[in-house]
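Geometric and topological summary
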Amino acid sequence: MTSKPDRVVLIGVAGDSGCGKSTFLRRLADLFGEELMTVICLDDYHSLDRKQRKEQGVTALNPKANNFDLMYEQVKALKEGQEIMKPIYNHETGMIDPPELIKPSPIVVIEGLHPMYDERVRSLLDFSVYLDIDDEVKIAWKIQRDMAERGHTYEDVLAAINSRRPDFQAYIDPQKQYADAVIAVLPTQLIPDDKERKVLRVQLIQKDGVEGFEPAFLFDEGSTIDWIPCGRKLTCSYPGIKMHYGPDTYYGHSASILEVDGQFDRLEEVIYIENHLSKTSTKFYGELTELLLQHKEYPGSNNGTGLFQVLIGLKMRATYERLMGVQSQMAKASAN
Ligand SMILES: Nc1ncnc2c1ncn2[C@@H]1O[C@H](COP(=O)(O)OP(=O)(O)OP(=O)(O)O)[C@@H](O)[C@H]1O
Ligand SMILES: O=C(CO)[C@H](O)[C@H](O)COP(=O)(O)O
């Protein structure tokens, strides 16, 4: 990307470590293409390196370990189409490396622990999502990844989660109240006392009244619906699938909630569910199912996490196109 973009659309993706941010970003890159999108990992704004954090007894989640003034200054500059020299936090060494040049592209995504923590940074966001993973599910995911891929023991993983919990609750979790959409991943209600955490109940909480964001709905906007889609058109093995849709309040805001509990046996049959969803921001019949089918291998593709990540990706695309459209209309108006 060589020329300055006319307008930069800024997207925030928040969540704790190991909550599926990278998977969500892969889905976004599939939708927008790498060319159009620059991703900034906010870990790069850690002001204390690993050794300093240890000496001072603070975690990386603590605002004291992060430089929010620099984050604001640089995110603002990117949004204004300017280049920045962004610091780099090196996860291998735990040290802060020399900065790198970042050129803005039409879409800038800031992802990490604190995209909505600082009021100034938050006010720059055009659309935001918070990935809210229940503790039991988070432990299961982390154990699966950190034991299989990073050689950690069960006790290590549990100790790491427990030691982060107070700061997580103080500084990370409260950001969900500011998000335009929250994907909440909870234990299933279909299997009594489930300990495996393979079957999940996933909610998409969509804030009402956000300019340009039209919440998707099931069957009838504003009604409360419970639906078991299993039958002739959707194959469901044990424990089946239950969906729910309805109005609600979330941190004092009016919101609508879509929910899927269970998992899809055959991904191509998700078209049956897509048929009953409205305001999905798709461009053609079956686009949502097609996007899911493109990457069956991504974790969560066979349940509500994949479905709602794709749906929120489509909403981000709609935001981008709306803002670009507004921009080109304004340019036309000022030229006349
Ligand atoms: N929807 C999902 N269903 C099941 N497992 C998942 C899902 N999303 C993520 N995981 C598991 O959690 C792990 C972490 O996911 P991912 O790398 O996307 O998270 P992250 O927030 O980017 O983590 P980090 O910040 O630590 O890099 C994956 O390796 C996978 O094991
Ligand atoms: O929560 C995190 C962000 O993903 C990391 O724990 C934080 O960035 C510190 O990194 P490291 O553990 O490599 O020192």
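Summarised in this report is the structure supplied together with it. Being a predicted model, the structure only gives us computed values, none of them experimental. (Residues numbered from 1 in each chain as written. Chains lettered and ligands numbered in written order. Predicted model: local features only at pLDDT ≥ 70, side-chain atom pairs only at ≥ 80, totals over all residues. Heavy atoms only, no water.)

Re the overall build of the protein chain
Formally: Helix and strand labels come from DSSP, where a helix needs a run of H or I of at least four residues and a strand needs a run of E of at least two; each type is numbered from the N terminus. Radius of gyration here is computed from C-alpha atoms only, and the compact-globule reference equals 2.2 Å multiplied by the residue count raised to the power 0.38. For the exposure calls, accessible area comes from a 1.4 Å probe over protein chains only, and a residue counts as buried if that area is under 20% of its type's maximum, exposed if over 50%, partly exposed in between. Whether two residues are in contact is decided by their heavy atoms: any pair within 4.5 Å suffices. Areas reported as accessible are Shrake-Rupley estimates using a 1.4 Å probe. Residue values count occlusion only from the protein chains shown. Here the positive residues are Lys and Arg and the negative ones are Asp and Glu; neither His nor the chain ends is included. Here the site of a charge means atom NZ of a Lys, CZ of an Arg, CG of an Asp or CD of a Glu.
For the protein chain, the count of helices and strands is 9 helices and 13 strands. Against the globule reference of 20 Å for 336 residues, the protein chain gives a C-alpha radius of gyration of 20 Å, in line with a compact fold. Each principal axis of the C-alpha atoms in the protein chain carries an extent, and together these give about 65 × 60 × 35 Å. Taking all 336 residues of the protein chain together, 53% fall into the buried category. In the protein chain, the share of contacts with a sequence separation of at least 24, taken over all contacts with a separation of at least 6, comes to 68%. Accessible surface, the protein chain: about 15,900 Å² in total, of which carbon and sulfur atoms supply 49%. Mean positive and mean negative side-chain charge positions of the protein chain (39 and 51 charges, respectively) differ by 1 Å.

Remarks on the nonpolar core
Convention followed: The term nonpolar core refers to a set of buried residues drawn from Ala, Val, Leu, Ile, Met, Phe, Trp, Tyr and Cys, joined through side-chain atoms within 4.5 Å.
The biggest cluster of nonpolar side chains holds 55 residues, and the ones touching the most others in it are V129, I183, L258, F308, I312 and M316. The greatest single-element share of this core, amounting to 9 residues, is contributed by helix α9 (residues 304–335). The next biggest cluster of nonpolar side chains, apart from the first, holds 31 residues, and it includes V8, M71, L124 and I205.

Examining the site of ligand 1
As a reminder of what qualifies: Nearness of a residue to a molecule or strand requires only that one of the residue's heavy atoms be within 4 Å of it. Here a polar contact is recorded for every N or O atom pair within 3.5 Å, except that within protein the pair must consist of a potential hydrogen donor and a potential acceptor, and residues adjacent in sequence are included only if both atoms are side-chain atoms.
Not every one of the 14 residues close to ligand 1 is listed here, only the nearest: S17, G18, S22, T23 and T305. Between a nitrogen atom of ligand 1 and a main-chain N or O atom of P299, the distance comes to 3.4 Å. One of the side-chain N or O atoms of T305 is found 2.9 Å from a nitrogen atom in ligand 1. Within the complex, 82% of the 630 Å² of free accessible area of ligand 1 lies under protein. When residues of the shell around ligand 1 are traced back to their parent elements, those giving at least two are α1 (21–32) and α5 (135–148).

Here we look at the side chain of K138
Along the chain, K138 falls in helix α5. We classify K138 as buried; its relative accessible area is 3%. For K138, the side chain forms a polar contact with the side chain of D16, separated by 2.9 Å. Those residues in contact with K138 that lie beyond four places of it in its chain are D16, C19, I133, I161 and F168.

Considerations on the sheet that holds strand β5 (residues 107–112)
Each strand in a sheet pairs with its neighbour through backbone hydrogen bonds, running either in the same direction (parallel) or in the opposite one (antiparallel). Just so we agree on the cut-off: At least two bridges found by DSSP between two strands is the condition for calling them paired. Every axis in this analysis is a line fitted to C-alpha atoms, fitted for helices over the stretch in contact. Angles between the N-to-C directions lie between 0 and 180 degrees.
Taken in spatial order, the 9 strands of this open sheet run β2-β5-β1-β6-β7-β8-β12-β11-β10, and their pairing is mixed. The open sheet has two free edges, formed respectively by β2 (37–41) and β10 (225–227), since each of these has just one partner strand. The sheet shows a mean angle of 15 degrees between the axes of neighbouring strands, direction not considered.

Details of the site of ligand 2
Short version of the rule: Amino acids are sorted into nonpolar (Ala, Val, Leu, Ile, Met, Phe, Trp, Tyr, Cys and Pro), charged (Asp, Glu, Lys and Arg) and polar (every other residue, Gly among them).
The full set of residues close to ligand 2 is S17, D43, H46, R50, R53, A60, Y89, H91, L113 and R164. In the environment of ligand 2, an oxygen atom lies 2.8 Å from a nitrogen or oxygen atom belonging to the side chain of R53. Y89 places a side-chain nitrogen or oxygen 2.6 Å from an oxygen atom of ligand 2. Residue composition of the shell around ligand 2, by class: 3 nonpolar, 3 polar and 4 charged.

Thoughts on the pattern of salt bridges
Any two side chains of opposite charge can pair if their charged atoms end up close together. We count it as follows: A side-chain nitrogen of Lys or Arg and a carboxyl oxygen of Asp or Glu constitute a salt bridge if their distance falls within 4 Å.
All chains considered together, the criterion is met by 23 salt bridges. A salt bridge links R120 to D69, with the shortest nitrogen-to-oxygen separation between them at 2.9 Å. Taken together, the residues span a long stretch of sequence, with R120 in helix α4 (residues 119–122) and D69 in helix α3 (residues 68–79) at a distance of 51 residues. Shared partners join several salt bridges into a network, and the residues in it are R7, K79 and D126.

Let's talk about unusual backbone geometry
Cis rather than trans, the peptide bond between Y238 and P239 has omega equal to 5 degrees. Along the chain, the position of P239 falls in the loop between β10 and β11 (241–250). Even without a glycine there, the phi angle at D193 is positive, about 55 degrees. Looking at the secondary structure, you find D193 in the loop between β7 (181–187) and β8 (200–207).

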